[in-house]
Amino acid sequence: MLRRLGGTMALGAMLVVLVTAGGLMAADPSPPGTIRFIGKNAFATADGTFHAWRVVDRSIDPADPAGSWAVVEIDLASVDTGIARRDDHLRDPDFFEVETWPTARVRAHSLAPAGANDENRPRFTAKFDVELHGVQNTIDGEVVLVETSPTTFEGTLVVDRMAFGVGPRPSRWNPMSIDAEIPVRFRVAF
């Protein structure tokens, strides 16, 4: 269970970091914010994060979100699910294979107005070009402008870990099997 749950969580964490940093980070090597992901199977739920990531390029303007974009790199070895054994397994060839693929890269772009959230804050759809494990895919997500001073965003997306070849396939015959879809949530202030 730890082995499979950890793989999903690491993928989710990586994606969260990618999304969070990719869409809304400052050029600080350790921007303030939280990046969380959740991995589930029939019996357990696990959440985690990545501690090391940085914005490598960006153009973010709260007055013109549609023209904003950012590129983020995530150190996959920095995955943390709160269980060292699971984290170590996530770093090995069964999942992230950090010896071969040490970083993930995300480019957030194409923000489009999508009305307001329940608190009447501006909401936007966004595209996230994710490079992970030697594979690149574009994922749809959402961001909300929470504050303008400091500029703070919250967002969500769902990553299909199978689209990146990370971890074993889910099996309806194995209740310990991890779901393929990993929800990712982030909050970033800069």
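Below is a short write-up of the structure. Not measured: the values here are computed from a predicted model.

## Quick look at the environment of Val 188
Note on placement: Val 188 falls in strand 10 (residues 181-189). For Val 188, a relative accessible area of 0% corresponds to the buried category. Val 188 sits 42 residues away from Val 146 along the chain, and the two C-alpha atoms are 9.5 Å apart.

## Things to note about the pairing of strand 8 (residues 135-148)
Examined bridge by bridge, strand 7 (residues 122-132) and strand 8 share 10 bridges and lie antiparallel to one another. Bridge assignment links Thr 125 to a residue of strand 8, and that residue is Glu 142. Between strand 7 and the antiparallel strand that follows it, strand 8, lie two residues; His 133 among them carries a positive phi value of about 60 degrees. As paired strands, strand 8 and strand 9 (residues 151-160) are joined by seven bridges and run antiparallel to one another. Note that in strand 9 the partner of Thr 148 across the bridge is Thr 151.

## A short note on the pattern of salt bridges
A side chain with one charge may pair with a side chain of the opposite charge, provided their charged atoms come close. Going through the model one piece at a time under the given rule, you end up with five salt bridges. Residue Arg 105 is joined to Glu 73 by a salt bridge in which the shortest nitrogen-to-oxygen separation is 2.5 Å. One end of the pair, Arg 105, is in strand 6 (residues 103-116); the other, Glu 73, is in strand 4 (residues 69-75), and 32 residues separate them in sequence. Between Arg 123 and Glu 142 there is a salt bridge, and its shortest N-O distance comes to 3.0 Å. You can see Arg 123 sitting in strand 7 and its partner Glu 142 sitting in strand 8, a full 19 residues away along the chain. Of the residues examined, Arg 123 reaches a relative accessible area of 25% and is grouped as partly exposed.

## Overview of unusual backbone geometry
Its identity as a non-glycine residue notwithstanding, Glu 97 has a phi of 50 degrees, on the positive side. When you line up the elements, Glu 97 lands in the loop between helix 2 (84-91) and strand 6. Its identity as a non-glycine residue notwithstanding, Ser 110 has a phi of 55 degrees, on the positive side. In this structure, Ser 110 sits in strand 6.

## Some points on the side chain of Asp 87
On the secondary structure map, Asp 87 appears in helix 2. Of the side chains bearing the opposite charge, Arg 91 lies closest to the buried Asp 87, which forms no salt bridge; the N-O distance is 4.7 Å. Within the structure, Asp 87 has its side chain in polar contact with the side chain of Thr 81 (distance 2.4 Å). In contact with Asp 87, other than residues within four places in its own chain, are Val 79, Asp 80, Thr 81 and Gly 82.

## Points about the environment of Ala 46
In this fold, Ala 46 is placed in strand 2 (residues 45-50). For the pair Ala 46 and Ile 83, spaced 37 residues apart in sequence, the C-alpha to C-alpha distance is 10.0 Å.

## So, helix 2
Considered for burial, the residues of helix 2 that qualify are Arg 86, Asp 87, His 89 and Leu 90. One side of helix 2 carries all its buried residues, which in axial view fall inside an arc of 160 degrees. The exposed residues of helix 2 that point more than 90 degrees off its buried face are Ala 84 and Arg 85.

## A look at the pairing of strand 1 (residues 33-40)
Pairing of strand 1 with strand 2, which is carried by four bridges, proceeds in the antiparallel orientation. If you follow Ile 38 over to strand 2, its bridge partner there is Asp 47. With antiparallel pairing between neighbouring strands as the criterion, strand 1 and strand 2 make up a hairpin whose turn holds four residues.

## Section: the nonpolar core
Residues Ile 74, Leu 76, Phe 96 and Leu 132 are the most contacted members of the largest nonpolar core, which totals 36 residues. At the level of secondary structure, the elements contributing two or more residues to this core comprise strand 1, strand 3 (53-59), strand 4, strand 6, strand 7, strand 8, strand 9 and strand 10. Looking at this core, the element that brings in the most residues is strand 7, giving five residues.

So, how was this worked out
- Residues numbered from 1 in each chain as written.
- Predicted model: local features only at pLDDT ≥ 70, side-chain atom pairs only at ≥ 80, totals over all residues.
- Heavy atoms only, no water.
- Helix = DSSP H or I, 4+ residues; strand = E, 2+ residues; numbered from the N terminus.
- Buried < 20%, exposed > 50% of the residue type's maximum accessible area, 1.4 Å probe, protein only.
- Pairing = 2+ DSSP bridges.
- Salt bridge = Lys/Arg side-chain N within 4 Å of Asp/Glu carboxyl O.
- Lys, Arg positive; Asp, Glu negative; His and termini not counted.
- Polar contact = N/O pair within 3.5 Å; in protein donor to acceptor, adjacent residues only side chain to side chain.
- Contact = heavy atoms within 4.5 Å.
- Arc of directions from axis to C-beta.
- Core = buried A, V, L, I, M, F, W, Y, C linked by side-chain atoms within 4.5 Å.

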